[in-house]
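Commentary on secondary and tertiary structure
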Amino acid sequence: MVEQQLRSRDVEDERVLAAMERVPRHVFVPEELRGRAYADAALPIGSGQTISQPYMVARICEALSLHGSERVLDVGTGSGYQAAVLAELAGEVHTIERLPELADAARGWLEEAGYGGRVHVHVGDGTLGLPEQAPFDAIAVAAAAPELPPSLYDQLEPRGRLVVPVGKRHGQQLQLVVRSPEGPAVVRSVACRFVPLLGEEGFAV
Ligand code: SAH
């Protein structure tokens, strides 16, 4: 997966590549899909949701430029896989999921993979961030937003980085947003397709 889907494309950050080599992705998919866990694709994880394609996880992590001590918020826990990769790259990871049944499954899978103590799973509307734990050095959003959710931007540290797919329900562009004194500095990158971010500052539920 790392060689063929990440390095051979354009993922260059060695810390990200090493992190993705360490996290056992098969633990984060339903039993019957474990044989396809390392495929170049998003896979269904129940409740109409997906574990993101490995390449998108790598691109999000790379854009966040983590060094090891950061406090990170992961919006859209899903399987918990992205949160586990972030735990390999940062100091403290909080992840928030709107569907309680997925949050429960993710807690179990994170525990099984050895990340139980390093990732804090919360249930709620992640478009509003996690005010009680803010501010964050970095925020990763793994679901598509119609526009940059203001609450997430507000919960960034100065120079903090936020990665979020922005666009329509069926097609978006991954955006890196850096908090700066002049306001959000936006860098657009790859075209992508994520499940919708549903909530107060996302798409209508
Ligand atoms: N990072 C995940 C990908 C999950 S897909 C992984 O590695 O597996 C996106 C997830 O975002 C879904 O589980 C969906 O339920 C969740 N989601 C959608 N809107 C949300 C919101 N407002 N707050 C929190 N989670 C949300």
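Above this text you will find the structure in question.
Below or above, wherever it landed, is the structure these notes cover. Keep in mind the model is a prediction, meaning the values are calculated, not measured.

Let us look at the overall build of the protein. Helices and strands together make up the secondary structure of the protein, namely 6 helices and 9 strands. Overall, the protein is about 45 × 35 × 35 Å in size when its C-alpha atoms are taken along their principal axes. Burial statistics for the protein: of 205 residues in total, 53% are counted as buried. Relative to all contacts within the protein whose residues are 6 or more apart in sequence, the contacts with residues 24 or more apart total 55%. Accessible area of the protein: about 8900 Å², with a carbon and sulfur share of 50%.

One open sheet accounts for 7 strands, arranged β5-β4-β3-β6-β7-β8-β9; its pairing is mixed. Every interior strand has two partners, whereas the edge strands, β5 (119-123) and β9 (185-192), have only one. The mean angle between the axes of side-by-side strands here comes to 20°, regardless of whether they run parallel or antiparallel. When strand β3 (residues 71-75) meets strand β4 (residues 92-97), the two strands line up parallel, connected through 5 bridges. Paired with Arg-71 across the bridge in β4 is Glu-92. Against the sheet, helix α3 (residues 54-64) makes contact with β6 (136-141), β7 (156-168), β8 (171-178) and β9, and its axis sits at roughly 150° relative to β7, the strand it touches most. Helix α5 (residues 100-112) contacts β4 and β5 of the sheet and is inclined by roughly 170° relative to β5.

The next thing to look at is the pattern of salt bridges. In the structure shown here, the tally under the stated rule is 8 salt bridges. We note a salt bridge from Asp-10 to Arg-59, for which the minimum N-O separation is 3.0 Å. With Asp-10 in the loop between α1 (2-7) and α2 (14-22) and Arg-59 in helix α3, this residue pair connects regions lying 49 residues apart in the sequence. Judged by its relative accessible area of 36%, Asp-10 is partly exposed. Assessed through its relative accessible area of 15%, Arg-59 is described here as buried. For the salt bridge of Arg-107 with Asp-104, the shortest nitrogen-to-oxygen distance reads 3.0 Å. Taken together, the residues Arg-107 and Asp-104, both in helix α5 and 3 residues apart, mark about one turn of the helix. Its relative accessible area of 36% is what places Arg-107 among the partly exposed residues. The exposure class assigned to Asp-104 is exposed, which follows from its relative accessible area of 51%. Within this structure, Glu-3, Arg-7 and Glu-14 form a network of salt bridges that share partners.

Time to look at the site of the ligand. Neighbouring the ligand are 25 residues; Ser-79, Glu-97, Asp-125, Gly-126 and Leu-198 lie closest to it. For the ligand, a nitrogen atom lies 3.1 Å from a polar atom in the backbone of Gly-76. Here a nitrogen atom of the ligand and a backbone polar atom of Gly-126 are 2.7 Å apart. Counting residues per element, the ones that place at least two in the shell around the ligand are β2 (49-51), α4 (81-89) and β4. Looking at which element gives the most residues to the shell around the ligand, the answer is β2, with 3 residues. Residue composition of the shell around the ligand, grouped by class: 11 nonpolar, 11 polar and 3 charged.

All right, on to α2 then. All of the buried residues along α2 are Val-16, Leu-17, Ala-19 and Met-20. Across the axial projection of α2, the buried residues extend over an arc of 160°, all falling on one side. Taken together, the buried residues of α2 touch α1, α3 and α4. Sitting at the head of α2, Asp-13 places a side-chain oxygen 2.9 Å from the backbone nitrogen of Arg-15.

With respect to the helices, strands and loops of the structure, Glu-70 is situated in the loop between α3 and β3. Polar contacts involving the side chain of Glu-70 include one to the main-chain amide nitrogen of Gly-68, which spans 2.9 Å.

Reading the values: rules and limits
Residues numbered from 1 in each chain as written. Predicted model: local features only at pLDDT ≥ 70, side-chain atom pairs only at ≥ 80, totals over all residues. Heavy atoms only, no water. Helix = DSSP H or I, 4+ residues; strand = E, 2+ residues; numbered from the N terminus. Buried < 20%, exposed > 50% of the residue type's maximum accessible area, 1.4 Å probe, protein only. Contact = heavy atoms within 4.5 Å. Areas by Shrake-Rupley, 256 points an atom, 1.4 Å probe, with all protein chains shown as cover. Pairing = 2+ DSSP bridges. Axes fitted to C-alpha atoms, helices over the stretch in contact; angles between N-to-C directions. Salt bridge = Lys/Arg side-chain N within 4 Å of Asp/Glu carboxyl O. Near = heavy atom within 4 Å. Polar contact = N/O pair within 3.5 Å; in protein donor to acceptor, adjacent residues only side chain to side chain. Nonpolar A, V, L, I, M, F, W, Y, C, P; charged D, E, K, R; others polar. Arc of directions from axis to C-beta.

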